[in-house]
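Summary of structural features
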Amino acid sequence: MDRVRPNIGRLKSDIERISTFIDKSKLGHTRRSFTEEYKEARVWLREKMEESGLETSIDAAANIIGRLSGSDNSLKPIIIGSHTDTVENGGMYDGTIGVLGGIEVVRILKENGVNLRHPLEIVDFTSEEPSEFGLSTIGSKGMIGELTKEMLQRRDNCGRVLSDAIHDLGGNSRSIKKLARKKGDAVLYLELHNELGPVLDNKECPLGVVTGIVGIHRYKVIVNGEANHAGTTPMNMRCDALVFTSKLVLKLQSLCKDKNRDDVVGTVGKLNVEPNASNVIPGKCEFEFEVRSLQNDIIDEIVSQFIDEAQALSKERNIKVKFDNISKSSSVIIDEGIKKVLKDSCEEVAKTMYLPSGAGHDANHINEIAPVGMIFVPSKDGKSHCPEEYTSYEEIEIGVHALIKALLAFDKILK
Ligand code: GLV
Ligand code: MN
Ligand code: MN
């Protein structure tokens, strides 16, 4: 009998409980960062951590940290983390299984009298998904001191400033730089996550060890044309901001497709049209696009070609187009040694394969201060960031079991 098997009934009831802290007026699971539902979930989560024997604190970037002492507290900690915010109309598992799975790991260690050598930190990172401030991975950027003054001054649509929103969650944006963790301040970062894509489900493989995580560059684009009467302005006399924007959407698609690589993707996922009336030629469009790849130089290449071509096209059409970078996260290639320990640990539990991550994670940033490793469990039909997102409790149990095995293996090996 394996002593370190998770108690899936207990974990299921935690996942179901946190899933009650949602905006019930939306589809699926909506727990946007910095909302009341998010705050309530965090209060519950912190209590859950305390109840599980973790000593909790909230850091400058409002990350919730639960700490378990190791037998040698001169060692730097191993961190297990993920997030509890969701996209709008999202799913129930993205992020939550990593945080709650981490707490279950602690309970299993305690119940079995297993003492780690290293201190262990379970972290609920603030706002991993793109927030209303236009920024994602706020907590992990903050933990390593990469939240700039400009970022902290960004406002949401209600005029709220990000630094105030961080204070409201118990953080302190003025201390972020001073308290930032440096390279070597943790020995390892581990994250359990649902794949968010179709590979494991298609291959009927219960566990994945991540080989690399895509980098993501996001931009906001403002296109200014000329609003005018939709009936009286001949087709050849228009400066239609939406027609121009549509060409850019297709241009981005072709630049990404032309690379002929599975890891290269580009998306326009957000678009506003002004004045947004059926009988007025659109005078202004604002949209956001992102480009992802496992190779940072490919992202740079696509983005700069896109901007150059958009600017050239705008001159021909007498349209003004302005690009602002919102965020850049670098891709991560997982260390060979880390991958090997993870694969061996996972294989003790179930069939395992290597695969890259097309989704971004807090690991992209924590990689600046510590080596990172990720374990994936399947997402049914590859669905995620939508209400249909699903991973069975049996699959989650396998994932948490593998996480415990990996943690024990690394605790032995790492200095
Ligand atoms: C995070 O969920 C992402 O957008 O990749
Ligand atoms: Mn997500
Ligand atoms: Mn996630």
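Values in this document were obtained by computation on a predicted structure and should not be read as measured data.

Rules of the game
Residues numbered from 1 in each chain as written. Chains lettered and ligands numbered in written order. Predicted model: local features only at pLDDT ≥ 70, side-chain atom pairs only at ≥ 80, totals over all residues. Heavy atoms only, no water. Donors = N, O, S within 2.8 Å, 3.2 Å for Na, K, Ca; no water. Helix = DSSP H or I, 4+ residues; strand = E, 2+ residues; numbered from the N terminus. Buried < 20%, exposed > 50% of the residue type's maximum accessible area, 1.4 Å probe, protein only. Pairing = 2+ DSSP bridges. Axes fitted to C-alpha atoms, helices over the stretch in contact; angles between N-to-C directions. Contact = heavy atoms within 4.5 Å. Domains from an automatic or database assignment. Buried area = accessible area lost by both parts, 1.4 Å probe. 1 Å grid on protein atoms, 1.4 Å probe; cavity = no way out; pocket = protein on both sides within 12 Å on 5 of 7 lines; lining within 4 Å. Points joined across faces, edges and corners; volume = space filled by probe spheres on them. Nonpolar A, V, L, I, M, F, W, Y, C, P; charged D, E, K, R; others polar. Phe/Tyr/Trp six-rings, centres within 6.5 Å; stacked < 30°, edge-to-face > 60°. Lys NZ or Arg CZ within 6 Å of the ring centre and 35° of its normal.

Regarding the coordination of the manganese ion (ligand 3)
Bound to the manganese ion (ligand 3) on the protein side are His83 (NE2), Asp94 (OD) and His193 (NE2), at distances that span 2.1 to 2.2 Å. Read N to C, the donor residues that coordinate the manganese ion (ligand 3) are spaced as H-x10-D-x98-H. In this model, the manganese ion (ligand 3) sits 3.6 Å from the manganese ion (ligand 2), the two metals being bridged by Asp94. Placement of the pair is His83 in strand β3 (residues 78-83) and Asp94 in the loop between β3 and α3 (96-111), with a sequence separation of 11 residues. Exposure remark for His83: the relative accessible area of 0% places this residue in the buried category.

Examining the environment of Asn318
Structurally, the position occupied by Asn318 is in the loop between α10 (296-317) and β12 (320-329). Residues Asn318 and Lys340, 22 residues apart in the sequence, show an inter-C-alpha distance of 56 Å.

Some words on the sheet that holds strand β9 (residues 265-274)
Spatially, β9-β11-β7-β12 is the arrangement adopted by the 4 strands of the open sheet, whose pairing is antiparallel. Edge positions in the sheet fall to β9 and β12, since each of these pairs with one other strand and no more. Averaged over all neighbouring strand pairs, the angle between strand axes comes to 15°, with direction disregarded. When β9 meets strand β11 (residues 284-293), the two strands line up antiparallel, connected through 9 bridges. For Glu274, the partnering residue across the bridge sits in β11 and is Lys284. Contacting β7 (215-224), β9, β11 and β12, helix α9 (residues 241-257) crosses the sheet at an angle of about 5° to β11.

Notes on unusual backbone geometry
Omega for the bond connecting Glu274 with Pro275 falls within 30 degrees of zero, at 5°, which places this linkage in the cis form. Inspection of the secondary structure assignment puts Pro275 in the loop between β9 and β10 (280-281). Even without being glycine, Asn89 reaches a positive phi, approximately 55°. Note on placement: Asn89 falls in the loop between β3 and α3. In this structure Asn89 comes out as partly exposed when scored by relative accessible area, which is 24%.

A word on the domain arrangement of the chain
Looking at the assigned domains, one finds that the chain contains domain 1 (8-214 + 331-413) and domain 2 (216-329). Facing 17 residues of domain 1, the contacting portion of domain 2 comprises 12 residues. At the boundary of domain 1 with domain 2, total buried surface from both sides reaches about 1000 Å², with 53% on carbon and sulfur atoms. Counting the surface domain 1 buries against domain 2, the share from its top three residues, Gly134, Val214 and Ser331, is 45%.

Notes on the coordination of the manganese ion (ligand 2)
Reference values for coordination geometry: four tetrahedral donors around a metal ideally subtend 109.5 degrees, six octahedral donors ideally subtend 90 or 180 degrees. Protein-derived ligands of the manganese ion (ligand 2) are Asp94 (OD), Glu129 (OE) and His385 (NE2), with the metal-ligand distances lying across 2.1 to 2.2 Å. Binding-site remark: the manganese ion (ligand 2) is held by donors from one chain whose sequence spacing is D-x34-E-x255-H. Note on Asp94: relative accessible area 5%, which makes it buried.

What about the layout of surface pockets?
Approximately 420 Å³ is the volume found for the second largest pocket. Contributing to the lining of the second largest pocket are 17 residues, with Phe133, Gly134, Lys220, Lys270 and Glu288 lying nearest its centre. Looking at the lining of the second largest pocket, the elements that each hand over two or more residues are β9, β11 and β12. Class assignment for the residues of the lining of the second largest pocket results in 3 nonpolar, 4 polar and 10 charged.

Notes on the packing of aromatic side chains
The final tally for this structure, using the stated rule, is 10 aromatic pairs. With 6.3 Å between their ring centres and 40° between their planes, Phe21 and Trp44 make a pair best called tilted. A residue pair is termed long-range when its members are at least 10 positions apart, and Phe21 in the loop between α1 (8-18) and α2 (36-51) and Trp44 in helix α2 qualify at 23 residues. One exposure class covers both Phe21 and Trp44, and it is buried. Put simply, the rings of Tyr219, Phe287, Phe289, Phe306 and Phe323 touch in pairs and so form one group of aromatic residues. The ring of Tyr354 has Lys339 sitting right over it, with the charged end atom 5.6 Å from the ring centre. Across from the ring centre of Tyr354, 5.0 Å away, lies the NZ or CZ of Lys343, which sits over that ring.

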